[in-house]
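Descriptive structure summary
Listed below, chain by chain, are the residues.
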Protein chains: 2
Amino acid sequence: MTSSNHENAAGPLTRLWGKIVGFALKLKKLGKDDPRRIIHSFKMGLALTLVSIFYYFKPLYEGFGLAAMWAILTVVVVFEFTVGSTLGRGLNRMLATLTAAALGIGAHRLATLSGETGEPILIALFVFIIAGIVTFLRFIPQIKARYDYGMLIFLLTFCLISVSGYRDEEVIEMAFERLSTIVIGSCTSVIVCIFICPVWIGVDLHNQIATNIEKLGNFLEGYGEEYFKVSEEGQPRDKSSILDGYKSVLSSSSKEETMANLARWEPRHGKFRFRHPWKQYLKVGSITRQCAFKIEALNSYLISEIQSPPEVRSIIQEASTAVSSECGKALKELASALRKMTKSSAAERHIANSKDAAENLKSVIRSSLSKHDDILQIIPAGAVASLLCEVVKCTEEIADAAHKLASLAHFKNAKPKVTPEQKELPSQGIVQPVSGIDGMHHVITINEPSQSLQENRNLPPAMAPRMEV
Amino acid sequence: MTSSNHENAAGPLTRLWGKIVGFALKLKKLGKDDPRRIIHSFKMGLALTLVSIFYYFKPLYEGFGLAAMWAILTVVVVFEFTVGSTLGRGLNRMLATLTAAALGIGAHRLATLSGETGEPILIALFVFIIAGIVTFLRFIPQIKARYDYGMLIFLLTFCLISVSGYRDEEVIEMAFERLSTIVIGSCTSVIVCIFICPVWIGVDLHNQIATNIEKLGNFLEGYGEEYFKVSEEGQPRDKSSILDGYKSVLSSSSKEETMANLARWEPRHGKFRFRHPWKQYLKVGSITRQCAFKIEALNSYLISEIQSPPEVRSIIQEASTAVSSECGKALKELASALRKMTKSSAAERHIANSKDAAENLKSVIRSSLSKHDDILQIIPAGAVASLLCEVVKCTEEIADAAHKLASLAHFKNAKPKVTPEQKELPSQGIVQPVSGIDGMHHVITINEPSQSLQENRNLPPAMAPRMEV
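Cut-offs used in this document
- Residues numbered from 1 in each chain as written.
- Chains lettered and ligands numbered in written order.
- Predicted model: local features only at pLDDT ≥ 70, side-chain atom pairs only at ≥ 80, totals over all residues.
- Heavy atoms only, no water.
- Helix = DSSP H or I, 4+ residues; strand = E, 2+ residues; numbered from the N terminus.
- Contact = heavy atoms within 4.5 Å.
- Areas by Shrake-Rupley, 256 points an atom, 1.4 Å probe, with all protein chains shown as cover.
- Phe/Tyr/Trp six-rings, centres within 6.5 Å; stacked < 30°, edge-to-face > 60°.
- Buried < 20%, exposed > 50% of the residue type's maximum accessible area, 1.4 Å probe, protein only.
- Lys NZ or Arg CZ within 6 Å of the ring centre and 35° of its normal.
- UniProt positions renumbered as here; feature names shortened; annotations may be inferred.
- Patch = residues over 30% accessible without salt bridge, like charges linked within 9 Å, V, L, I, M, F, W, Y side chains within 5 Å.
- Salt bridge = Lys/Arg side-chain N within 4 Å of Asp/Glu carboxyl O.
- Lys, Arg positive; Asp, Glu negative; His and termini not counted.
- Charge placed at Lys NZ, Arg CZ, Asp CG, Glu CD.
- Domains from an automatic or database assignment.
- Buried area = accessible area lost by both parts, 1.4 Å probe.
- Polar contact = N/O pair within 3.5 Å; in protein donor to acceptor, adjacent residues only side chain to side chain.
- Nonpolar A, V, L, I, M, F, W, Y, C, P; charged D, E, K, R; others polar.
- Least-squares fit on C-alpha atoms with pLDDT ≥ 70 in both.

**Describing the overall build of chain A**
- Broken down by element type, chain A carries 18 helices and two strands.
- Of the contacts made within chain A by residues no fewer than 6 positions apart, 83% connect residues no fewer than 24 positions apart.
- For chain A, the exposed area adds up to about 21,200 Å²; of that, 61% sits on carbon and sulfur atoms.

**Some thoughts on the packing of aromatic side chains**
- Under the defined criterion, the tally for this structure stands at 20 aromatic pairs over all chains.
- Ring centres of Phe139 of chain A and Phe81 of chain B lie 5.3 Å apart, and the angle between their planes is 75 degrees; on these two criteria the pair is classed as edge-to-face. Of the two residues, Phe139 of chain A sits in the loop between helix H7 (115-137) and helix H8 (141-164) while Phe81 of chain B sits in the loop between helix H5 (69-78) and helix H6 (83-113), which places them in two different chains. Take Phe139 of chain A and Phe81 of chain B: they sit in the same class, and that class is buried.
- Across the ring face of Trp70 of chain B, the terminal group of Arg178 of chain B is positioned such that the distance to the ring centre comes to 4.1 Å.

**Some thoughts on the UniProt feature "transmembrane region" (unreviewed entry) in chain A**
All names here are of chain A.
- Within this structure's numbering, the places UniProt gives as "transmembrane region" (unreviewed entry) are residues 38-57, 63-83, 95-115, 121-140, 147-167 and 179-203.
- Helix makes up 90% of residues 95-115 and strand 0%. Its end C-alpha atoms lie 32 Å apart.
- Between the C-alpha atoms that bound residues 121-140 there is a distance of 30 Å. The span itself is 85% helix and 0% strand.

**Quick notes on a positive patch on the surface**
Residues and elements named next belong to chain A.
- Together, Arg264, Arg275, Lys279, Lys283 and Lys404 line one region of the surface with positive charge.
- Mapped onto the elements of the fold, Lys404 is located in helix H16 (residues 375-408).
- In this structure Lys404 comes out as partly exposed when scored by relative accessible area, which is 42%.

**Concerning the domain arrangement of chain A**
Residue and element names in this part refer to chain A.
- Domain boundaries in chain A define domain 1 (36-195) and domain 2 (201-227 + 244-411).
- Between the C-alpha centres of domain 1 and domain 2 there is a distance of 47 Å.
- At the junction of the two partners, domain 1 supplies twelve residues and domain 2 supplies eight residues.
- Ranking the residues of domain 1 by area buried against domain 2 places Thr82, Gly84 and Arg146 at the top, with a combined share of 49%.
- Counting across the domain 1 and domain 2 interface gives one salt bridge.
- The shortest N-O distance in the salt bridge between Arg36 and Asp204 comes to 3.1 Å.
- For the pair domain 1 and domain 2, the number of links is two residue pairs in polar contact (both at pLDDT 80 or more).
- Where the side of domain 1 that touches domain 2 is concerned, the elements lending two or more residues are helix H6 (83-112) and H8.
- Top contributing element to the side of domain 1 that touches domain 2 by residue count: H6, with seven residues.
- Taken together, the residues that form the side of domain 1 that touches domain 2 break down as five nonpolar, five polar and two charged.

**Digging into the relation of the copies chain A and chain B**
- Once chain A is rotated about the relating axis by 180 degrees and shifted along it by 0.0 Å, it coincides with chain B to within an RMSD of 0.0 Å. Taken together, the rotation and translation describe the operation of a two-fold axis.

**Structural notes on the pattern of salt bridges**
All names here are of chain A.
- According to the stated counting rule, one finds 26 salt bridges over all chains in the structure shown.
- The partner of Arg289 in a salt bridge is Glu256, and the shortest N-O contact between them spans 3.2 Å. Note that Arg289 is positioned in helix H13 (residues 278-303) and Glu256 in helix H12 (residues 253-263), a separation of 33 residues in sequence.
- According to the relative accessible area criterion, Arg289 is buried, its value standing at 11%.

Encoded structure:
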């Protein structure tokens with residue numbers, strides 16, 4: 001009773017303290033997860049401090065007067081985390097202000113011609129019509145994706161110029177002041193954003209696509225072992241698992257599209273050209289997602305309550321594990337090559353192996369599995385096997401899309417690290433010419449995918465080797 | 001040759017005309033798809049015209065002066081398509097301006113105490129610190145989801161008030177003017193948005209969840225027929241099909257989350273209370289998506305090249321079609337009840353039927369399917385059967401989540417339309433008490449789901465019967 005009272009008395013303060021500590025830990029984790037967030041916060045402070053210099057220096061202030069606050073406003077609104085986003089907003093804002101100011105002045109002139117009574121009526125009519133049209137145009141998906149902010153600023157500037165023109169006869173000067181302060185604000189934002197630790201959203205997209213392929217590879221590499229471990233224990237495994245990394249791929253579609261739209265604003269940086277094939281990234285992403293749906297189906301057999309008995313599963317264990325792990329290795333090779341921006345045929349070997357393993361799996365099923373009586377017990381294992389065969393096909397499609405991306409984006413050939421002797425070892429895998437890639441030679445490249453990927457994962461995406469300018 | 005030249009000459013003009021016509025058709029389609037877009041455009045025009053009255057009436061203008069343009073700016077920026085979004089932005093803008101103005105005045109006072117040299121340095125320091133903190137806080141997911149715009153406006157107002165205070169001694173008056181014009185702009189937006197054909201995002205979310213369940217129901221109702229039609233023709237069907245409606249459900253997650261976040265801003269409207277259980281909508285949506293993943297797997301057997309031969313499939317045809325169509329009917333009943341905001345046990349009957357059919361399917365597989373020799377030919381059909389059994393489980397989960405939603409949101413019981421005689425007809429289905437719903441009676445409700453849903457589908461979502469205020 002006393003201790004309970006004591007707890008209650010200490011309660012509010014302890015709880016408050018607990019909440020503060022929890023909040024601080026959350027902030028720490030946010031910064032640790034992506035240190036670029038801390039840098040971005042400093043950059044925002046710097047850009048705003050820079051632009052407020054307009055108020056401190058009398059000569060500059062007297063040139064622009066009150067309009068100088070538009071520069072501050074612009075920095076707050078335009079400065080974003082990534083270069084693509086900042087550039088997109090900055091360009092949208094400047095272009096929209098320019099065109100809207102011109103149109104606003106025109107509307108103002110036209111309205112003054114109609115006399116003192118007609119002017120406000122005409123202006124109101126213009127505002128109503130332009131507002132309606134611009135608002136409706138913003139529903140067009142293509143405009144919404146890239147020029148939504150520009151349309152908003154266009155409407156804003158048009159209203160401000162044409163309406164305030166009714167009172168302020170120096171409407172052209174006002175438009176010029178507004179335009180020039182906005183240009184100053186946008187340029188400050190863009191310069192700080194690009195020249196101090198830039199965050200390229202194109203690099204983020206590139207890494208995200210590679211990471212997604214890698215996640216599927218991780219799942220497939222571990223799947224065989226996990227599935228037949230279930231078999232040995234006779235129990236379905238726990239619902240949460242290290243294999244669940246692929247789940248984020250299932251719902252990555254809208255995020256990838258937004259990133260690609262923003263990446264298109266970015267100038268040439270590092271190995272990324274101005275017209276980098278961002279659409280092909282979306283295609284690779286979409287095929288990866290298709291594969292993730294198959295993997296979701298495979299995963300459901302891990303946690304399903306209806307399982308084939310161990311003796312049934314042990315029949316297909318060897319062949320299934322081979323298919324799964326070869327597909328996994330192929331995907332990880334593809335992810336690694338993509339991340340390094342190289343053309344590599346290292347995955348071809350694993351794909352060929354996985355195809356052989358799939359044929360093997362089919363013949364095992366045909367010869368041995370049918371000897372069992374209870375068909376209900378065979379079906380789960382059979383379904384897993386047939387899904388694995390489909391995953392082989394998916395892996396091939398991902399490889400094709402990734403190779404097409406490599407050729408569109410002019411990735412360089414990976415340096416062959418293999419001695420000629422190794423080429424003759426048949427156990428090293430099958431050497432096949434790579435179709436669909438111009439100028440690709442018959443090279444076996446031995447990368448160390450797991451190690452190098454591990455290293456990359458510990459770095460924030462933009463700091464992955466050879467990505468940064 | 002001549003005709004080709006002729007075509008070339010007419011080319012640019014014809015192409016331009018074609019483009020204009022294409023654009024016009026696109027606009028027409030946009031308006032036809034959702035007529036609320038046209039109304040919204042008119043509303044935007046109206047709100048802006050209303051707020052520019054400040055400039056036309058001299059007494060009002062003289063009260064606010066140039067600050068009146070903040071009202072116009074606020075309307076352009078705050079006025080959004082849905083009530084939730086407009087209210088969220090309006091409240092964020094007003095509260096953020098209020099707190100930032102207070103803090104800005106405080107910073108200004110503190111800075112003036114430190115003399116003429118110290119003032120700009122202190123102000124710059126404040127701006128740098130506040131900008132850094134606010135920018136970092138915007139990375140917290142919970143803040144980003146609901147208060148991102150408020151944080152932006154807070155930073156904006158703080159900078160404007162504290163920095164411009166260095167030149168303008170009437171800093172309190174400026175803060176007051178800014179605040180009051182922003183309140184006027186926000187209120188104009190909110191009033192026009194709510195009182196002229198309001199678009200409630202809560203209603204949209206409600207309808208979207210119901211539509212998603214209905215899409216899965218449509219797929220399952222048609223699946224049996226489609227799958228065994230493939231069987232008869234011996235050919236996999238075309239890749240595109242009317243059954244593909246479910247595909248949009250696969251990637252609906254982020255959209256639903258955004259909608260739920262915005263819906264929380266909306267006041268009581270129609271049957272939606274202020275604290276409507278939006279989180280439960282997200283749960284129903286998430287379970288529906290889980291079911292859609294199973295359906296994606298089912299669909300892959302429709303377009304797969306490896307198919308069980310017709311004689312194998314015909315064995316499971318009757319039982320499979322029964323499972324699939326009963327699940328489909330159950331889902332459509334659930335969607336219909338959800339859309340009408342009623343508690344209904346109509347789906348229970350179909351779920352019970354689908355469970356019986358699933359048991360039947362299992363015994364068919366056990367008894368007849370195992371007589372076939374080639375196990376490879378049996379596996380696809382067996383996998384379809386086992387997936388259908390999992391879909392039964394998913395359907396039950398969706399029903400549980402939907403029932404929980406109905407009880408949390410205090411949906412009314414559906415009116416029993418059945419005469420007592422019908423209760424005794426066993427062929428009408430199984431009458432079961434519904435678990436998990438308070439005060440639910442043993443009622444069979446006969447709705448006409450397909451017809452009523454068809455009617456609703458032709459209306460824009462917010463105009464579905466009994467949804468609108």
